[in-house]
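Read off the chains here:
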Amino acid sequence: VQLQASGGGLVQAGGSRRLSCAASGRTFSGAAMGWFRQAPGKEREFVTSISWSSGNTNYADSVKGRITISRDNAENTVYLQMNGLKPEDTAVYYCAVDLQSGHYPDTRSWRYDYWGQGTQVTVSS
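In short, a report on the structure.

**Considering the packing of aromatic side chains**
Here the structure, examined in full by the defined rule, presents five aromatic pairs. Residues Phe36 and Tyr112 carry aromatic rings whose centres are separated by 5.2 Å and whose planes lie at 75° to one another, so their mutual orientation is edge-to-face. Taken together, the residues Phe36 in strand 4 (residues 32-38) and Tyr112 in the loop between strand 9 (91-98) and strand 10 (114-115) connect sequence positions 76 residues apart. The exposure classification of Phe36 matches that of Tyr112, with both residues buried. Aromatic rings pair up to connect Phe36, Phe46, Tyr112 and Trp115 into one cluster. One residue, Arg44, lies across the ring of Trp115, its end atom 4.1 Å from the ring centre.

Right, dumping it as structure tokens:
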């Protein structure tokens, strides 16, 4: 399994950014994709996740209403649309896949089997 995250960069506060995560190497019909982030000096934290099969989603409270996760099953790609970005959103964003999540995507990082390389998002004030 390979996960390729892209789309990071520098954005001003209040701006938007869309991250992508392209997955390859197997079928993902029973899996879920998650996004996590890690800011300097902080622990990695859950952002959002989505089930490939059901489309069910989970969001961290800190990003609800500002971030939307979506998937393109045909392309095996998951997107993270981030709006209203804040300086505290600055972090390295990682995508990850939980191969056995079923219809309900998990929020716990230890459930995820494979991780992408991360993409840096920097929000300037």
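**Side note on the pairing of strand 4**
Strand 4 sits mainly inside the fold: six of its seven residues count as buried. Here strand 4 pairs with strand 5 (residues 45-51) via six bridges, running antiparallel. Each bridged residue has a counterpart across the sheet, and for Ala32 the counterpart in strand 5 is Ser51. Direction of pairing for strand 4 relative to strand 9: antiparallel, over a ladder of seven bridges. Directly across from Ala32, in strand 9, lies its bridge partner Asp98.

**Some thoughts on the sheet that holds strand 7 (residues 67-72)**
On the basis of which strands lie adjacent, the open sheet formed by four strands has the order 1-3-8-7 and antiparallel pairing. Edge positions in the sheet fall to strand 1 (2-6) and strand 7, since each of these pairs with one other strand and no more. Neighbour-to-neighbour, the strand axes of this sheet turn through a mean angle of 15°, independent of strand direction. In the sheet, strand 3 (residues 17-24) pairs with strand 8 (residues 77-82) via six bridges, with the strands oriented antiparallel. If you follow Arg17 over to strand 8, its bridge partner there is Met82.

Procedures and definitions
- Residues numbered from 1 in each chain as written.
- Predicted model: local features only at pLDDT ≥ 70, side-chain atom pairs only at ≥ 80, totals over all residues.
- Heavy atoms only, no water.
- Phe/Tyr/Trp six-rings, centres within 6.5 Å; stacked < 30°, edge-to-face > 60°.
- Helix = DSSP H or I, 4+ residues; strand = E, 2+ residues; numbered from the N terminus.
- Buried < 20%, exposed > 50% of the residue type's maximum accessible area, 1.4 Å probe, protein only.
- Lys NZ or Arg CZ within 6 Å of the ring centre and 35° of its normal.
- Pairing = 2+ DSSP bridges.
- Axes fitted to C-alpha atoms, helices over the stretch in contact; angles between N-to-C directions.

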